[in-house]
Structures are given as C-alpha cells and as structure tokens.
Amino acid sequence: MSLFAPCKGKTACRDDGEQCLTCGRSFEEIARTRKLIEALADFACAQGYDNADEFAAYVARKLEKKIRHRQRDGSV
C-alpha cells in the first residue's frame, strides 16, 4: 500500500516528464483522478443538485467504506 498525496495546486507542480515531483503521483494517476472528478461533477450538474456539499460528502463516505471493505477483504 502507498499513501495518497493530494495535489498542492498547479503552481506548486513540478515534473520530471513522468510524475509530479511535489506530490509524487504519476501524470496518468493525476489525469485519471481528474477524469473521475469531472464525471462526478457532470453527473451532479445533470441531476440539478443544489446541495453539492451533501452530494460530495455522500460520495466521500461511500467511497471510503468501499475502499476499506476491499482492503479488509483482500481484493486489492
């Protein structure tokens, strides 16, 4: 297992051509994460949710539970 390092912002990003030297994540990982977040934002906007904070909190709770379950299960 590794630790997730959140992005410090585009102005803090430095790279070696393959990964960010600030957070240590690969450009592929960063791009996939952005794509997933974009899809969630598109979904929430398409649903017309006015309470984005509640939607985001729900997704965060569910995601954490799903990850913990898979880690305990050994499926990761």
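Preceding this paragraph is the structure being described.
Small disclaimer: the values here were computed from a predicted structure and weren't measured.

**So, helix H2 (residues 52–73)**
Thought 1: In this model H2 runs 31 Å from its N-terminal to its C-terminal C-alpha over 22 residues, within 8% of the 32 Å that 1.5 Å per residue would give.
Thought 2: Immediately downstream of H2, the backbone of Gly74 shows phi near 85°, a positive value.

**Structural notes on the pattern of salt bridges**
Thought 1: A full pass over the atoms with the stated rule returns one salt bridge.
Thought 2: Put simply, Arg68 and Glu64 hold a salt bridge, and the shortest N to O gap is 3.8 Å. Remark: Glu64 and Arg68 occur in helix H2; sequence separation between them is four residues, near one turn of the helix.
Thought 3: Since its relative accessible area comes to 42%, Arg68 is described here as partly exposed.
Thought 4: The exposure class assigned to Glu64 is partly exposed, which follows from its relative accessible area of 46%.

**Description of the environment of Ala41**
Thought 1: Of note, Ala41 is situated in helix H1 (residues 27–47).
Thought 2: Considered as a pair, Ala41 and Cys7 are 34 residues apart in the sequence and their alpha carbons are 18 Å apart.

**Thoughts on the environment of Leu40**
Thought 1: By secondary structure assignment, the location of Leu40 is in helix H1.
Thought 2: We classify Leu40 as partly exposed; its relative accessible area is 37%.
Thought 3: Expressed as a C-alpha distance, the spacing of Leu40 and Ala56, which sit 16 residues apart in the sequence, is 8.8 Å.
Thought 4: Apart from the residues within four sequence positions on either side, Leu40 is in contact with Phe55 and Val59.

Rules and cut-offs
- Residues numbered from 1 in each chain as written.
- Predicted model: local features only at pLDDT ≥ 70, side-chain atom pairs only at ≥ 80, totals over all residues.
- Heavy atoms only, no water.
- Helix = DSSP H or I, 4+ residues; strand = E, 2+ residues; numbered from the N terminus.
- Expected span 1.5 Å × (residues − 1).
- Salt bridge = Lys/Arg side-chain N within 4 Å of Asp/Glu carboxyl O.
- Buried < 20%, exposed > 50% of the residue type's maximum accessible area, 1.4 Å probe, protein only.
- Contact = heavy atoms within 4.5 Å.

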